[in-house]
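# Observations on the model geometry
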Amino acid sequence: MDVHVIEEPGRTQIAVDIYCAPHDPRVKGIARALKSALGKLVGYADGSTKRQLINLDQVASIHTDGDHAWIVCTDGQRYQSPQRLFELELALAGTEFVRVSRQALVNFDKARSIRPEPYGRLSLELEGGSYLAVSRTYATAIKEKIGIEPPARREH
């Protein structure tokens, strides 16, 4: 794949043209990744075949039920993503989306409160009133994100 970046003085928008062989199966994935990087995700409302573009600032969390990734908005609306959770995580790298468990990502901009739970876990209250559990594996990253350093390990 050839990638060329051409900077033009005065340009305010990014333009992307994809040149490919007819019916190249990689193109749809590349287009989805670009849209995610530009602040939108693609999703389908329950039972619909109509593609929706969802602004990242409307997304509270993304979770998987095993077969599908679901985009959950702050207003409670859910959209099925054509991408898997790990693909969404990669596409959202560098944004405020963080992994909170093997099954979920959260838009940290939508976190309203954090509560410690037993066994080193956390609970996040999200905008809209929903709660999401942070597994012990990912709790350290959340604590570091808010400036809480993990306790130093003692050497025996």
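Residue positions are given per chain, counting from 1 as you read along its sequence in written order. Local features are withheld for residues below a pLDDT of 70 in this predicted model, meaning they are given only at 70 or higher, and side-chain atom pairs are given and counted only at 80 or more; totals for whole chains, interfaces and linings count all residues. Hydrogens and waters are ignored; side-chain quantities use all the structure's heavy atoms.

### Concerning the overall build of the chain
Selection rule: Secondary structure follows DSSP: runs of H or I at least 4 residues long count as helices, runs of E at least 2 residues long count as strands, and numbering of each begins at the N terminus. When accessible area is computed with a 1.4 Å probe and restricted to protein chains, residues below 20% of their type maximum are described as buried, those above 50% as exposed, and intermediate ones as partly exposed. Residue contacts follow a heavy-atom distance rule, with two residues in contact if any of their heavy atoms lie within 4.5 Å. The Shrake-Rupley method, run with a 1.4 Å probe, gives the accessible areas here. Residue values count only the displayed protein chains as cover.
Helix and strand counts for the chain come out as 3 helices and 10 strands. If one aligns the C-alpha atoms of the chain with their principal axes, the spans along those axes are about 60 × 40 × 30 Å. Across the 156 residues that make up the chain, the buried fraction comes to 28%. Restricting the contact set of the chain to residue pairs at least 6 apart, pairs at least 24 apart contribute 36%. Put simply, the chain shows about 11200 Å² of open surface, and 50% of that area lies on carbon and sulfur atoms.

### Examining the sheet that holds strand β10 (residues 131-134)
Selection criterion: If DSSP finds at least two bridges between two strands, the strands pair. Here an axis means a line fitted to C-alpha atoms, over the contact stretch when the element is a helix, while the angle between two N-to-C directions is reported on a 0 to 180 degree scale.
Reading across from one edge, β8-β9-β10 is the order of the 3 strands in this open sheet, with antiparallel pairing throughout. This sheet does not close on itself; its edge strands, each paired only once, are β8 (111-116) and β10. The average undirected angle you get between the axes of adjacent strands in this sheet is 25°. The pairing of β8 with strand β9 (residues 122-126) spans 5 bridges and is antiparallel. The partner of Ser 113 across the bridge, within β9, is Glu 125. Contacts from helix α3 (residues 136-145) reach β8, β9 and β10 within the one sheet, and its direction differs from that of β10 by about 105°.

### A few points about the sheet that holds strand β6 (residues 97-101)
The strands that make up a sheet are held in pairs by hydrogen bonds between backbone atoms, and each pair lies either parallel or antiparallel. Read across the open sheet, the 7 strands follow the order β2-β1-β5-β4-β3-β7-β6; overall the sheet is antiparallel. Looking at which strands have only one partner, the edges of the open sheet turn out to be β2 (51-55) and β6. This sheet shows a mean twist of 35° between the axes of neighbouring strands, independent of strand direction. Across 5 bridges, strand β3 (residues 59-64) lies against strand β4 (residues 69-73) in antiparallel orientation. Looking at β4, one finds that Ile 62 is bridged to Ile 71.

### Quick word on a nonpolar patch on the surface
Filter applied, for reference: The residues that make up patches have over 30% relative accessible area and no salt bridge, and they are joined within 9 Å when like-charged or within 5 Å when they are Val, Leu, Ile, Met, Phe, Trp or Tyr. The rule for a salt bridge is simple: a side-chain nitrogen of Lys or Arg has to be within 4 Å of a carboxyl oxygen of Asp or Glu.
Together, Ile 14, Val 16, Ile 18 and Leu 34 make up an exposed nonpolar region whose accessible area comes to about 340 Å². The residue Val 16 is located in the segment before α1 (26-37) in this model. Judged by its relative accessible area of 44%, Val 16 falls in the partly exposed class.

### Brief notes about the nonpolar core
Short version of the rule: In this description, a nonpolar core means a group of buried Ala, Val, Leu, Ile, Met, Phe, Trp, Tyr and Cys residues linked to one another through side-chain atoms lying within 4.5 Å.
Counting 15 residues, the largest nonpolar core has Leu 41, Val 59, Ile 62, Ile 71 and Leu 92 as the members making the most contacts within it. Elements with a minimum of two residues in this core: β1 (40-45), β3, β4 and α2 (85-91). Of the residues forming this core, the biggest block, 3 residues, is contributed by β4. Discounting residues that sit within four places of it in the chain, Ile 62 has contacts with Leu 41, Ala 69, Trp 70, Ile 71, Leu 85, Leu 88, Leu 92, Phe 97, Gln 103, Ala 104 and Leu 105.

### What about the side chain of Asp 24?
Topologically, Asp 24 is positioned in the segment before α1. Take Asp 24: its relative accessible area is 17%, and that puts it in the buried class.

### Some thoughts on the pattern of salt bridges
This model, assessed by the stated rule, comprises 7 salt bridges. Taking the shortest distance from any N to any O, the salt bridge between Arg 11 and Glu 8 comes out at 2.8 Å. The partly exposed category is assigned to Arg 11, whose relative accessible area is 47%. The class for Glu 8 is partly exposed, based on a relative accessible area of 41%. Of the charged contacts in the structure, one is a salt bridge between Lys 145 and Glu 96, with a shortest N-O distance of 3.3 Å. Residue Lys 145 is found in helix α3, and its partner Glu 96 is found in the loop between α2 and β6; the two are separated by 49 residues along the sequence. Looking at Lys 145, the relative accessible area reads 35%, which means it is partly exposed. Connected through shared salt-bridge partners, Lys 110, Arg 112 and Glu 127 make up one network.

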